[in-house]
Structures are given as structure tokens and as C-alpha cells.
Amino acid sequence: MLLACKTTHTTMAIAPKPLYRDSVYDGAADPVIVWHKQQQTWYMFYTNRRANQPQLDGVTWVHGTRIGIASSKDGANWKYVDTADIQYRPVADYTHWAPEVMEHNGLYHMYLTYVPGVFADWKHPRDIVHLTSTDLRHWKFESVLKLASERVIDACVIALPGGGWRMWYNNELDKKSIYYADSDDLYHWTDKGKAVGDRGGEGPKVFYWKEYYWMLVDNWAGMSLYRSKDLTQWEKQPERILEQPGTGAEDGAIGGHADVLVNGDRAYVYYFIHPGKNHPTDGYEKRRSLIQVAELTLTNGWITCDRNAPVKIQLSVSK
């Protein structure tokens with residue numbers, strides 16, 4: 001969720017490292033953060049990979065997942081809430097990945113990656129489905145989006161400055177390029193084709209900060225960034241961020257599939273990592289994943305990120 005916020009005059013919290021570990025499967029990934037208006041708190045939705053479940057062959061452990069929820073008053077300290085009650089389960093065994101969650105006119109919208117089964121490999125259809133909710137817990141199915149192919153994942157949606165909405169997503173059948181689609185009402189979408197495709201990637205996240213629109217893309221070797229003035233023409237940043245391992249607790253691996261929260265003139269990147277990525281054998285230690293956070297800075301017109309610096313956060317919603 002890309003939401004402009006303001007800072008307050010209260011004491012800012014120092015985010016812990018790691019920021020958040022899931023208490024059920026220890027497989028938190030692909031975070032997105034949204035303000036819960038009714039409860040006046042922040043909700044984090046995330047893919048919950050089944051990292052601690054034994055005897056799951058291939059990538060079965062990345063399937064069969066439900067979306068986890070955590071909450072925070074300040075954006076720094078998070079606690080587990082529950083799994084999202086998503087009313088779209090057309091088959092008995094199903095997979096929910098990578099939610100995008102946003103609010104518009106009092107209604108919450110989720111654009112969720114849905115996989116029709118639990119599989120040991122990646123060679124299966126995936127759709128992006130639209131759901132709505134009034135409480136961020138119970139989600140009503142609206143539609144399956146008709147996009148560029150039958151294998152699409154990782155939606156990101158923002159409001160266009162002239163009205164309407166734009167979605168970016170990963171079209172896996174076109175070398176995992178980032179595609180986009182437009183909508184006037186958040187329900188009906190028209191595919192517009194490729195946005196960027198110079199290198200395969202996933203988890204696009206678009207946000208406005210420091211007079212540019214930015215697109216963050218997970219390249220599995222750190223995160224690429226692109227900037228744009230018009231949300232159509234994108235210029236690639238020379239250097240990736242979150243590519244070099246951090247020195248903090250449980251932060252010694254590349255950063256992946258992230259959300260960005262703009263907070264006044266500051267911006268925070270919430271990313272996931274596999275801290276045991278280099279473990280010699282497949283299993284729990286190699287598979288577990290968790291969420292970290294770092295602050296973004298602008299240096300000579302491009303974004304940099306010191307993931308080892310203490311992160312001070314106190315999020316507050318603009319009125």
C-alpha cells in the first residue's frame with residue numbers, strides 16, 4: 001500500500017532487527033502495509049510460506065499458503081493478528097500470494113495472486129483476483145482480472161494524478177517483464193502492455209517521492225529502481241539497492257519483494273529476506289523468511305539505502 005503520511009512530534013521508535021517473524025510458519029514474505037481506519041492502526045499483509053513444515057518436496061512449501069496479518073501502532077513494532085478470511089477458494093487445495101491492499105472511499109480493495117493448487121514446481125497458471133472488504137479481515141470475491149497472460153503475479157496499484165488507477169504486475173510468460181493495466185473504477189481493467197522488461201523481475205512497487213514516481217522491482221539480486229515523471233516513460237537507476245547483505249541481526253542476505261511507505265519527506269522500504277539463504281542443505285533453515293525495514297535516501301537524484309543504519313519510525317496518517 002503506497003500511502004502518503006506525515007510525521008508527528010512524538011518520540012520516534014527504533015525498528016528492531018529482524019522487524020517481524022511469523023509465529024505460525026516462520027515464512028513471512030511479500031509485505032504490504034495499509035492503515036486500518038476503524039482500529040487506528042497499521043496492518044501488514046504478507047505471503048506466509050510454510051517454511052517450518054517438514055517433508056514438503058520441491059517448492060510445495062511455497063504453495064498451500066494463506067495470507068498472514070500483523071499490526072503495529074508505529075510501523076516499527078509488529079505483532080501477529082491472524083490469517084485473512086479470503087472468500088475465493090474454488091478448489092480444495094489453493095495458494096494465496098503477494099497481496100496488494102488499498103482503501104478508497106471507505107472500502108478496502110485487495111489484488112491477490114491466486115494459484116489453483118499446491119505444486120512442487122512453478123509451471124502452473126496464476127491469476128490476479130480482486131476482493132473487497134469493510135474491515136480488512138473478511139474479503140469478498142469480486143472478479144478474476146483479465147490481463148496479458150494466464151501466468152500473472154504481484155499486483156501494485158496507485159491512483160493516477162489525472163483520475164483513475166494504474167496496476168503494475170509481473171507477466172511471467174514474457175520473460176517475467178513488468179506489465180501494466182488501467183482502470184476508471186478499480187473493478188474493470190484494460191491491459192496496456194509492457195512497462196519495463198530490460199531484466200526479469202517481480203514484485204513491482206510504484207510510489208511518488210521527491211518529485212518523481214519510482215518503481216522498485218525485485219531482480220533476485222537486490223532491487224532495481226526506475227524513475228518517471230509521467231508513469232509511462234521509465235529511466236533505470238544505475239545501481240540496485242538491498243543487493244549487499246546487511247550486518248544487522250538476521251539481515252545477511254539480499255532483500256526481496258518489498259513495500260514502500262512514504263511518510264512526509266521520508267520513505268521506508270519493508271522487504272523480506274531468507275537469512276539462511278546460503279545454508280548448505282534445503283530445509284527449514286534455508287527456507288525461513290522474515291521482514292526487515294530500512295530508510296530510503298535521495299543522493300544526486302537517485303535512491304540509496306543504508307540497511308545497516310538504525311531506522312527511526314513513527315507513522316501517522318495525513319488527515
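Just above sits the structure.
Since this is a predicted model, take the numbers as computed values, not measurements.

Draft legend 1. Spotlight on the pattern of salt bridges. Taken as a whole and judged by the stated rule, the model has 22 salt bridges. Asp82 is paired through a salt bridge with Arg137; the nearest N and O atoms lie 3.0 Å apart. Of this pair, Asp82 sits in strand β6 (residues 79-83) while Arg137 sits in the loop between β10 (127-133) and β11 (138-144), and the two are 55 residues apart along the sequence. Residue Asp82 is classed as partly exposed on the basis of its relative accessible area, which comes to 30%. Using a relative accessible area of 23% as the deciding quantity, one classes Arg137 as partly exposed. In this structure, Asp85 engages Arg89 in a salt bridge whose closest nitrogen and oxygen atoms are separated by 3.3 Å. For Asp85, a relative accessible area of 23% gives the class partly exposed. Connected through shared salt-bridge partners, Arg21, Asp26, Glu250, Glu285 and Arg288 make up one network.

Draft legend 2. Spotlight on the sheet that holds strand β12 (residues 152-159). Sheet architecture is open: 4 strands sit in the order β12-β13-β14-β15, paired in antiparallel fashion. Looking at strand neighbours, the two that pair on one side only are β12 and β15 (189-196), the edges of this open sheet. Mean inter-strand twist for the sheet, computed between neighbouring axes without regard to direction, equals 25 degrees. As paired strands, β12 and strand β13 (residues 165-171) are joined by 6 bridges and run antiparallel to one another. Counted as the bridge partner of Val152 is Asn171 from β13.

What counts, and at which threshold
- Residues numbered from 1 in each chain as written.
- Predicted model: local features only at pLDDT ≥ 70, side-chain atom pairs only at ≥ 80, totals over all residues.
- Heavy atoms only, no water.
- Salt bridge = Lys/Arg side-chain N within 4 Å of Asp/Glu carboxyl O.
- Helix = DSSP H or I, 4+ residues; strand = E, 2+ residues; numbered from the N terminus.
- Buried < 20%, exposed > 50% of the residue type's maximum accessible area, 1.4 Å probe, protein only.
- Pairing = 2+ DSSP bridges.
- Axes fitted to C-alpha atoms, helices over the stretch in contact; angles between N-to-C directions.

From the geometry alone we can't say anything about function, so treat these as descriptive.
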